[in-house]
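Here are the chains, one letter per residue:
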Amino acid sequence: MLGWELPPHNSGGLGVACYQLCKALALRGVSIDFVVPYNDRHDNVDFMEVIPALPYPRQQLAAAGGAYDSRNFSEKTPRNHELPKGLREQQAAYTEAVCTIATRKKYDAVHAHDWLTFEAALVAKQKTQKPLIAHVHATEFDRAADVHFGGNPLVHDIEYTTLSQADRIVAVSQATKDLLTSRYAIPPQVIEVMHNSINPDELVPLEGENSYAYLSLMKQYGYKVVVNIGRLTIQKGLTHLLRAARLVIDKDPSILFLIAGCGEQYHELLELSASLGVSHNVLFTGTFVHGKQWRDAYAIGDMFVLPSVAEPFGITPLEAIGYGTPALISKQSGVGEVVRNVLKFDFWDIRKLADDIVAVAQHESLQAELIQNATDEFNTMSWHTVAEKCLQIYAKLPKTIGAASS
Amino acid sequence: MKRAVCLYLHVHQPYRVRNYTVFDAGRDHNYFLGGEWGSDLNNQWIIHKIAEKSYVPTNYRLLKLLEQHPEFRLSISITGTLLEQLEMWAPQVLTSFQQLIATGRVEVLAETYYHSLAFFFSRFEFEKQVRMHREKIKQLFNVTPRIFRNTELAYNNDLALWAEKAGYKGILAEGWDKILRHRTANHMYQPVGTDTIRLLLKNYKLSDDIAFRFSDKTWAEWPLTAEKFTHWLNALPEDQQLVNLFMDYETFGEHQWDESGIFTFLSKLPGEFMKLSGNTFMTPSEAIEAFEPQDFIDMPETVTWADTERDLSAWLGNAMQQDALDNIYAIEDAVMRTGDTTLIGDWRRLQTSDHFYYMCTKWFNDGDVHAYFNPYPSPYDAFISYMNAMRDIKLRVLQSFEQPAKQEHNEAMGEAD
């Protein structure tokens, strides 16, 4: 398998999805070598071999560009044996390393996650003469939050080239499949929809006092808290949440917003909240939240909002539900395909979003029904079901790539 | 041998609450009108659609059947909320109902004007709504109902006692197995503790064969024909002389589409059934005259005609529904004291049971989208629009108490108009 990150060295949901899928597959007897671009310890991984493609630690590489930085991506010549400076260099070095790794063993298939590994994936397919599964967690259109014209043309090229040569394509939602069909002209019959999931029993329990002391106190005074956790980037639609916040606060000033995360939009969002006059009610962490802070952010919420403009899947609402917080999800988010007991809105429809927020904050019965029924759904979810589906996809693959075209 | 089919059709449409947000509350008191043409929340559009698909073609066929077969009878109940909407948006449909009833062979039943569950929350309000319905029926059709049916066929012993006291000759309920045990629904009964009133029980198996299963191609008996149905009726044991077929009127053309052959079935059934001498149709009143009660029926718990549970859980089974119902009846006194008839009317329209049905999460949870009929995207959205309308109602109540004070103030200042 070719991937770009694994926990704890991940900056988003991509790493988590790869980790959980591999773990569930390994339990079913699949032997996996997972290639990452960095060299770091993965003490949590004992079910597969993690192979570093480059000799540098994750942090050093991340400073030069991470899995979500496609907009800064450009063509530059790689220089051997020096620290790769940008994503392009990292990627070229990664591809070179995969070229060697691919010949070390006899593999049965190549399974590649998202565009950063897609060039290497084609090389691996060629070296191993084995079928290629291109697993799409997000396309460039999603990252650019523009389904029509958005994104970096270089990245589109890489995606298009690999997707059209893959033997099987896995999309994390029906919405993503539709996008691949309409925007990349991929025939629908080669695309399988395989939703991400969550393992309810692996949720780390809450402990101690909540990290957000201010919010805990305000809740004692009857305030309600709306939470968002994620990268502060255009794809996540947070400007819409802030505009909805303005409408909400006009109706009910006792509703507070916690926006946990960081990203290139941070300062823009701060300015926007100031100019909307909602700074008093909107709290930014300004940093990524991990561990206890991350869990407590879900737990402090009376509701969780995912206002994404484009979200191929989006695991955060499921985590929120796991921590007892009902979710409001934009209709443009793939996760809405696997959970019914949530409120859904179009990301641009800030009046509907504001109406929903006020209603959940003011009607305990609504909040209670939402979370009770969503929890029932949550408890039936499992990565094991996803792994079963993945095995079925593997089973349908041609044994050699010669057979694929016949 | 003698056998009668008692066909009863329930005709009803609620005033659905439009997509009414917290931003409308306090600003716009219109909860029920408007919305995009073609939207399932636009009541006027729905009346047009159902008139075309169901009311017009069905009444046309019923009228023809009454002309063709002098023995054909049926009964209907028609809610005040629908009658108002027909007066506004489909007067030709109202005329066709008047024609049906003018034949004297279509009995009109009594119920609550607003198709509400008021019996279980406010006896005073309930009686008021029954009176309003009686007056409306008298005004439009010049008849006075003698038989009572409660919203959703929700029935218990108390209701039967009330109906007897109120002077009704008969009352309708679900022929639910758990109540009947070894007995059949195909007899006349008497509610426990009553003297004169009679109880007619729905044969849910045969009723639902038409109302629910008619166009279901996976059903072993599909396609259902008038011949086959008549055969089933004729095959009943000889002593089972009364078959009560109770269903939504909208079965014809709306729940079961024209393409399914439902209209052909309707047009043929009376003639087919009455081929056998002794077979006939009766109104509930005629059936009460014709058949003696065979036993007492005891229903201490409320039984309805909905779902496999046959209880009220489809309307008050979850926290949102209870919250909404508690709220609407909690403000009864305050609303009445305003004396504002428009406000009282809006409050009553919000009592219609359909509002609470849309908030039901039972089927939504099971993911059974097909069985799930709801004009809102989810039960939660239904609750949100409803409670926003409730906010506005409460605000209007408050404002109406302020007004006299304001008026006096204005008069004193010489500003009264």
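Source: prediction; values computed, not measured.

J.: Please give an account of the overall build of chain B that cites residues and values.
T.: Each helix and strand in chain B was counted, giving 17 helices and 10 strands. Overall, chain B is about 80 × 45 × 45 Å in size when its C-alpha atoms are taken along their principal axes. Across the 417 residues in chain B, those meeting the buried criterion constitute 47%.

J.: If you had to explain the sheet that holds strand 4 (residues 132–136) of chain A to someone new, which residues and values would you point to?
T.: Hydrogen bonding along the main chain pairs the strands of a sheet, whether they run parallel or antiparallel. Residues and elements named next belong to chain A. Ordered by their spatial adjacency, four strands build an open sheet running 3-4-5-6, and the pairing between neighbours is parallel. Of all the strands in the sheet, the pair left with one neighbour each is strand 3 (110–113) and strand 6 (191–193). When strand polarity is set aside, the average angle formed by the axes of neighbouring strands in this sheet is 25°. Pairing geometry for strand 3 and strand 4, over four bridges, is parallel. Within the sheet, the bridge partner assigned to His 111 lies in strand 4 and is Ile 133. Taken strand by strand, helix 4 (residues 118–128) contacts strand 3 and strand 4, and its axis lies near 175° from that of strand 3.

J.: Give a detailed account of the sheet that holds strand 9 (residues 282–284) of chain A, specifying residues and quantitative values.
T.: Residues and elements named next belong to chain A. Pairing is parallel in the open sheet, where six strands are placed in the order 9-8-7-10-11-12. This sheet does not close on itself; its edge strands, each paired only once, are strand 9 and strand 12 (343–345). Ignoring strand direction, the axes of neighbouring strands in this sheet form an average angle of 20°. Pairing between strand 7 (residues 224–229) and strand 8 (residues 255–260): six bridges, direction parallel.

J.: Pulling in residues and values, what's your account of the nonpolar core?
T.: Leu 258 and Ile 357 of chain A together with Cys 6 of chain B are the most contacted members of the largest nonpolar core, which has 232 residues in total. By residue number, the principal contributor to this core is helix 17 (residues 379–412) of chain B, which donates nine residues.

J.: Which residues make up the pairing of strand 3 of chain A, and what are the values?
T.: Residues Val 110 and Ala 112 of chain A line one face of strand 3 of chain A and the alternating positions His 111 and His 113 of chain A line the opposite face, and both faces are buried. The parallel pair strand 3 of chain A and strand 4 of chain A is bridged by helix 4 of chain A, and the resulting crossover is right-handed.

J.: Mind laying out the domain arrangement of chain A, listing which residues take part and the relevant values?
T.: Residue and element names in this part refer to chain A. Split into domains, chain A comes out as domain 1 (13–197 + 383–405) and domain 2 (202–378). The straight-line distance from the C-alpha centre of domain 1 to that of domain 2 is 30 Å. Across the contact, 17 residues belong to domain 1 and 11 residues belong to domain 2. The residue makeup of the side of domain 1 that touches domain 2, split by class, is eight nonpolar, seven polar and two charged.

J.: Could you give an account of the environment of Trp 294 of chain A, naming the residues involved and the relevant values?
T.: Residues and elements named next belong to chain A. As for its position among the elements, Trp 294 is in helix 11 (residues 291–300). Using a count of 19 C-beta atoms within 10 Å as the deciding quantity, one classes Trp 294 as partly exposed. Other than its neighbours up to four places away in sequence, Trp 294 contacts Ile 229 and Val 289.

J.: Explain the interface of chain A and chain B to me, and be specific about the residues and the numbers.
T.: Between chain A and chain B, the contact holds 18 residues from the first and 17 residues from the second. For the side of chain A that touches chain B, the secondary-structure elements that each account for two or more residues are strand 12, helix 13 (350–362) and helix 14 (364–378) of chain A. Looking at the side of chain A that touches chain B, its residues break down into six nonpolar, four polar and eight charged.

J.: So, the environment of Ser 279 of chain A: which residues are in play, and what are the values?
T.: All names here are of chain A. Looking at where Ser 279 falls in the secondary structure, it is placed in the loop between helix 10 (266–275) and strand 9. Sequence separation between Ser 279 and Leu 242 is 37 residues; the distance between their C-alpha atoms is 9.7 Å. Apart from the residues within four sequence positions on either side, Ser 279 is in contact with Ser 273 and Ala 274.

J.: Any chance you could break down the packing of helix 1 (residues 43–68) of chain B against helix 9 (residues 262–273) of chain B for me, citing the residues and the numbers?
T.: Residues and elements named next belong to chain B. For the pair helix 1 and helix 9, interaxial distance at closest approach is 10 Å and the crossing angle is 15°. Relative to helix 9, the element helix 1 is oriented roughly parallel. Both helix 1 and helix 9 take part in a crossing whose hand is right-handed. Contacts between helix 1 and helix 9 involve Pro 57, Arg 61 and Leu 65 from the former and Phe 263, Leu 266, Ser 267 and Pro 270 from the latter.

Calculation rules
- Residues numbered from 1 in each chain as written.
- Chains lettered and ligands numbered in written order.
- Predicted model: local features only at pLDDT ≥ 70, side-chain atom pairs only at ≥ 80, totals over all residues.
- Helix = DSSP H or I, 4+ residues; strand = E, 2+ residues; numbered from the N terminus.
- Buried ≥ 20, exposed ≤ 12 C-beta atoms within 10 Å, placed from the backbone.
- Pairing = 2+ DSSP bridges.
- Axes fitted to C-alpha atoms, helices over the stretch in contact; angles between N-to-C directions.
- Contact = placed C-beta atoms within 7 Å.
- Core = buried A, V, L, I, M, F, W, Y, C linked by C-beta atoms within 7 Å.
- Right-handed = clockwise from strand over helix to strand, strands pointing away.
- Domains from an automatic or database assignment.
- Nonpolar A, V, L, I, M, F, W, Y, C, P; charged D, E, K, R; others polar.
- Parallel < 35°, antiparallel > 145°, perpendicular 65-115°, else oblique.
- Left-handed = near helix turned anticlockwise from the far one by under 90°.

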